[in-house]
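# Structural characterization, general
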Amino acid sequence: VDLLVIGGGIVGAGIARDAALRGLSVALVEQNDLGSGTSSRPTRLIHGGLRYLELFDFGLVRSDMRERETLLHIAPHLVFPLPFLMPLYRRSPLYRLKLRFGMFLYDLLSLDKSLPKRKRLGRADALAAEPNLDPDGLGGAWRFYDAQVPFVERLVVENAIDAAAHGALVLNHARAAGYLRDGRSVTGASVEDLIGGTRLRLRARFVVNATGPWLDRTLAPLRP
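Here's a quick rundown of the structure. (Residues numbered from 1 in each chain as written. Predicted model: local features only at pLDDT ≥ 70, side-chain atom pairs only at ≥ 80, totals over all residues. Heavy atoms only, no water.)

### Examining the overall build of the protein chain
Along the backbone of the protein chain there are six helices and 11 strands. Scaling as 2.2 N^0.38, a compact globule of 224 residues should have a C-alpha radius of gyration of about 17 Å, whereas the protein chain reaches 22 Å, well beyond that. If one aligns the C-alpha atoms of the protein chain with their principal axes, the spans along those axes are about 65 × 35 × 30 Å. The proportion of buried residues among the 224 residues of the protein chain is 36%. Across the protein chain, every contact between residues at least 6 apart in sequence was considered, and the portion connecting residues at least 24 apart equals 64%. A total accessible area of about 13,100 Å² is found for the protein chain, and carbon and sulfur atoms account for 57% of it. Of the side chains in the protein chain, 30 bear a positive and 23 a negative charge, and the two mean positions are spaced by 5 Å. (Helix = DSSP H or I, 4+ residues; strand = E, 2+ residues; numbered from the N terminus. Rg over C-alpha atoms; globule rule 2.2 N^0.38 Å. Buried < 20%, exposed > 50% of the residue type's maximum accessible area, 1.4 Å probe, protein only. Contact = heavy atoms within 4.5 Å. Areas by Shrake-Rupley, 256 points an atom, 1.4 Å probe, with all protein chains shown as cover. Lys, Arg positive; Asp, Glu negative; His and termini not counted. Charge placed at Lys NZ, Arg CZ, Asp CG, Glu CD.)

### Some words on unusual backbone geometry
A negative phi angle is the norm for most residues apart from glycine, just as the trans form is the norm for most peptide bonds. For Arg44, which is not glycine, the phi torsion reads 70° and is therefore positive. Even without a glycine there, the phi angle at His173 is positive, about 50°. Tracing the sequence through the fold places His173 in the loop between strand 7 (169-172) and strand 8 (174-182).

### Let's talk about the side chain of Asp2
Mapped onto the elements of the fold, Asp2 is located in the segment before strand 1 (3-6). Using a relative accessible area of 18% as the deciding quantity, one classes Asp2 as buried. Once residues lying within four places of it in the same chain are set aside, the contact partners of Asp2 are Leu24, Ser25, Ala204, Arg205 and Phe206.

### Quick look at the nonpolar core
Core analysis: the biggest nonpolar cluster contains 25 residues, and Val5, Ala16, Val26, Leu78, Val79 and Val149 have the highest contact counts within it. Elements that contribute at least two residues to this core include exactly strand 1, helix 1 (10-21), strand 2 (26-30), strand 6 (140-148) and helix 5 (152-165). Ranked by residues supplied to this core, first place goes to helix 5 with five residues. Discounting residues that sit within four places of it in the chain, Val79 has contacts with Ile46, Leu71, Leu72, Ala147, Gln148 and Val149. (Core = buried A, V, L, I, M, F, W, Y, C linked by side-chain atoms within 4.5 Å.)

### Comments concerning the pattern of salt bridges
Any two side chains of opposite charge can pair, so long as their charged atoms come close to each other. Summed over all chains, the structure comprises 12 salt bridges. Arg205 is the partner of Asp2 in a salt bridge, and the nearest nitrogen-oxygen pair spans 3.5 Å. One end of the pair, Asp2, is in the segment before strand 1; the other, Arg205, is in the loop between strand 10 (199-203) and strand 11 (206-209), with 203 residues separating them in the sequence. Among the salt bridges present, the one from Glu158 reaches Arg154, with a minimum N-O distance of 3.7 Å. (Salt bridge = Lys/Arg side-chain N within 4 Å of Asp/Glu carboxyl O.)

### Notes on the environment of Ile195
Here Ile195 is to be found in the loop between strand 9 (185-193) and strand 10. Residue classification places Ile195 among the exposed positions, given a relative accessible area of 72%. A sequence separation of 22 residues divides Ile195 from His173, and the C-alpha atoms of the two residues are 6.8 Å apart.

### Let's talk about the sheet that holds strand 9
Taken in spatial order, the three strands of this open sheet run 8-9-10, and their pairing is antiparallel. With partners counted over all chains shown, the strands left at the sheet margins are strand 8 and strand 10, one partner each. The average angle at which neighbouring strand axes cross in this sheet is 25°, direction not considered. Where strand 9 lies against strand 10, five bridges are found, and the strand directions are antiparallel. What sits directly across from Gly188, in strand 10, is Arg203. (Pairing = 2+ DSSP bridges. Axes fitted to C-alpha atoms, helices over the stretch in contact; angles between N-to-C directions.)

The quantities given are spatial measurements derived from coordinates; they are silent on function.
See the structure below:
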C-alpha cells in the first residue's frame, strides 16, 4: 500500500480516511477494537482552543476552529453545539478588559463559524441560565459556544468505515508485531491476526504510528 497506519483511534482512523479520500492505497491496523484506547477516554469536547489565546498561539486557535467547523459540517449527527457560561465575579477592571478582549478575539478568529456568537449576560440572565451559580458578587457571565461529540467511538468507526468505502483495508484485532526494514528505512510491518493466529506482511511506502500512549513501546524496535 501507499500508507500503513498503525493504531485505530480517532487520529489513525482520521488519517486513514483522509489519505483514502486523496486516492492513496491505505491499510489501517488496530490491535483491539477501533477507538478502544485514548479515544474512548477524552473530554468529548471539540473545542476552539480558547485557553490558547492566553499563550498568544493564534495560529493554533484558528486551526482548532477550522477543524471544529469541519466536524460540525460533515458529522452533524455526531457533533453538536455546546454552550458555555463563564461567570464574572468581582475582579479588577484590567481582568474584565482582558476577558472582553479575549472573547472578541475568539469570535474574530472564527468569522466563518456556524456557531452563535458570544453574548454578555447580565446577573439575572446568568442566574436564570445557571441557577446553581453563587449569586454573591456575581456580575454576569459570558456565553460562548464550542462543540461536543457525545459518542467519540462512533466518530472513530465512521471514519474507518468511510476509509474502507474509499478502498482502505481496515483490520482490527490485528497487532503490528514488528517493522519491515530496508536498511534504515521502514517499509511496512508484520501484522498478527489476534483472532485467527496468522501473520501477514504489509509493505508500505510510508508508515504512520498513531498508537497514542503505546508510542514509546511501539517505536522501541526502531531505536538504536
